[in-house]
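Residues per chain, in single letters:
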Amino acid sequence: MMTTDRWIAVESPADFHVHLRQGELSKLVTPHVRKGGFDLAYVMPNLTPPITKTDMAVEYKKQLRAIDDSVDYLMTLYLSPDLTPEEVRKAKQAGIIGVKSYPRGVTTNSDGGIEAYEVYYPVFGEMEKCDLVLNLHGEVPSDATSNTCVLNAEERFLPHLKKIHQAFPKLRIVLEHATTRAAVETVKSLGNTVACTITAHHLAMTVDDWAGQSWNYCKPVAKYPSDREALARRNTRGASEVLLGIGFGTASGTIPNRSHHLPIPAAAGVYTSPVLLPFVTHMLESFGALDRLQNFVSDYGRAFYRCSAGANARRIVLEKVENYRIEDIWSFGDATVRPFWTGKELGWQITDVSPAGEP
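Small disclaimer: the values here were computed from a predicted structure and weren't measured. (Residues numbered from 1 in each chain as written. Predicted model: local features only at pLDDT ≥ 70, side-chain atom pairs only at ≥ 80, totals over all residues. Heavy atoms only, no water.)

Colleague: How should the overall build of the chain be read in this particular structure?
Modeller: For the chain, the count of helices and strands is 11 helices and 15 strands. Burial statistics for the chain: of 359 residues in total, 57% are counted as buried. Contacts in the chain between residues at least 24 apart in sequence constitute 74% of all its contacts with a sequence separation of at least 6. Entry remark: accessible area of the chain is about 14,800 Å², with carbon and sulfur atoms responsible for 50%. (Helix = DSSP H or I, 4+ residues; strand = E, 2+ residues; numbered from the N terminus. Buried < 20%, exposed > 50% of the residue type's maximum accessible area, 1.4 Å probe, protein only. Contact = heavy atoms within 4.5 Å. Areas by Shrake-Rupley, 256 points an atom, 1.4 Å probe, with all protein chains shown as cover.)

Colleague: I would appreciate a short explanation of the pairing of strand β12 (residues 314-325) in the present structure.
Modeller: With 5 bridges joining them, strand β2 (residues 7-11) and β12 adopt antiparallel strand pairing. Its bridge partner lying in β12, Ile8 is registered against Leu318. One ladder, built from 9 bridges, connects β12 with strand β15 (residues 345-355); its direction is antiparallel. When the sheet's bridge partners are listed, Arg315 is paired in β15 with Ser354. (Pairing = 2+ DSSP bridges.)

Colleague: Explain helix α6 (residues 181-189) to me, please; I cannot follow it from the model alone.
Modeller: Three or four residues apart is the spacing at which side chains of an α-helix point the same way, because the helix has 3.6 residues per turn. Taken together, the buried positions of α6 are occupied by Ala182, Ala183, Val184, Thr186 and Val187. Trailing α6 by a residue or two, Gly191 shows a phi angle of about 95 degrees, which is positive.

Colleague: Quick question: what am I supposed to make of helix α3 (residues 85-93) here?
Modeller: For α3, the complete set of buried residues consists of Glu87, Val88 and Ala91. Along the axis of α3, the buried positions cluster into a sector of 105 degrees, meaning they face one direction only. For α3, the exposed residues set more than 90 degrees away from the buried face come down to Glu86 and Gln93. Buried residues along α3 sit in contact with α2 (54-67), β6 (76-78) and α4 (121-130). Directly after α3, the chain includes Gly95, whose backbone phi takes a positive value near 90 degrees. (Arc of directions from axis to C-beta.)

Colleague: I tried to follow the sheet that holds strand β10 (residues 194-198) on my own but got confused; where do I start?
Modeller: Strand pairs in the sheet, formed through backbone hydrogen bonds, run parallel or antiparallel to each other. With parallel pairing, 6 strands are arranged side by side in an open sheet as β6-β7-β8-β9-β10-β11. Across the chains shown, the open sheet's two edge strands, defined by having one partner strand only, are β6 and β11 (242-244). Direction aside, neighbouring strands of the sheet carry axes that sit 30 degrees apart on average. In this sheet, β10 lies alongside strand β9 (residues 173-176) in parallel orientation, the contact comprising 3 bridges. Bridge pairing in β10 links Leu175 to Cys196. Sheet strands touched by α6: β9 and β10. Its angle to β10, the strand with the most contacts, is close to 150 degrees. (Axes fitted to C-alpha atoms, helices over the stretch in contact; angles between N-to-C directions.)

Colleague: How do you make sense of the packing of helix α5 (residues 153-167) against α6 when you look at a structure like this?
Modeller: When two helices pack together, their arrangement is given by the angle between the helix axes and the distance between those axes. Axis separation between α5 and α6 bottoms out at 9 Å; the angle between their running directions is 15 degrees. With respect to α6, the axis of α5 lies roughly parallel. Helix-helix and strand crossings are classified by hand; for α5 and α6 the assignment is right-handed. Note on element contacts: α6 touches α5 through Ala182, Ala183, Thr186 and Val187, opposite Glu154, Glu155, Leu158, Leu161 and Lys162. Across the contact of α5 with α6, the residue classes tally to 5 nonpolar, 1 polar and 3 charged. (Parallel < 35°, antiparallel > 145°, perpendicular 65-115°, else oblique. Left-handed = near helix turned anticlockwise from the far one by under 90°. Nonpolar A, V, L, I, M, F, W, Y, C, P; charged D, E, K, R; others polar.)

What follows is the structure, encoded as C-alpha cells:
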C-alpha cells in the first residue's frame, strides 16, 4: 500500500461477505461491489430458495456475471439436509469455495437454517478433506426460557464454534460478522484455521445507534461500546485473523411502503456497498490504523481463502477530501435501497483506478 498525506493506493480489495440477492434488487446492488472499490465478492447463499446445490450456485454465478462480469465471484452453498459428502466433492470440483451455516430463523431467509450441528459432522469431515471453508452465522436463536436475545446470541454461540473446531481442527472456519469482544478473543485463541469477518458498519455503531432506528438494524446487532472498541483494536493491531465483510442484507435497505401507519418488521441488514472502501478508510483513519488498510481490505482475507488477485483486480487510489456526502438512496427499476450513514460526509473518496500491480 502506497500513501501520502493526501492519498492512499490499495491493491486488489476483496470483500469476503456480500449479499447480492435476486431479481431487480440484484441488478441494483451487484454493480455496487465494484463501485465501492472492490473486485472480489464472497457471495452468500441465502436466497429464496436458498442455494443448496452446486448446480444452483453455478447458475447463480452466471446470473451475477451477466449483471457485472468485472468482479470475481466466490460462491457458497447453504448448509441444509440437501448437502451430503458427495455434494461437497461435487462443489469442490465446480470451484465452490465454502458452505454457509445459518441457525434457524436468526436472519434474512434463514427459515430453513439448522438446529443442531452434530448431524452435519460427516459433511464437515468431507469439507475438511476437500478444503472447503465453513462460514458460520454466529448466533443462536432467541429463547426467553434461557434468557437469550439479540444482545447475547453471539456469545452463546461461541461454544458451538469451539466444539466444531475441536472436532475438525484442519477445517477452515470463518465466524461471520463478529460483533463482540468475546468473539474476537475466541477466534484469536483457536489458531490459524479460524478467522472472523468484521463488517464495516460494526466499526461505527453501538446498540444506541440501532435501537429505535430501523435503518441501522442488522443481525447480529451492534453491541456495547467496549465491543466496538475491541473490533477497532483488532484492526489497529493488524490481526491476521480479521477479514473484511460488509455484512449486507439488502432486503434491509429496501425502502418500505409508508402509505399506511401499521408497524411492520424491520428487515435485518445495513447497506454500505457503494461507498465501502471510502467508508472503511474513513473508519480506520479514526482509529489511527490507516497503515492496516491494505491488510484489512485485501491481504489477510486473500491469504486465508488462498485466492490471489485475478484479472479483475485493480489498484484503487483514494484521496482525502471534504464534502463527500453519501447519497440518500440508490435505485434500479422498482428496487430502492438506502445506504448506511445517508447524508453524512466521508473523508476519503475514490479518485483513480488502474490494473493491480501497475507502477
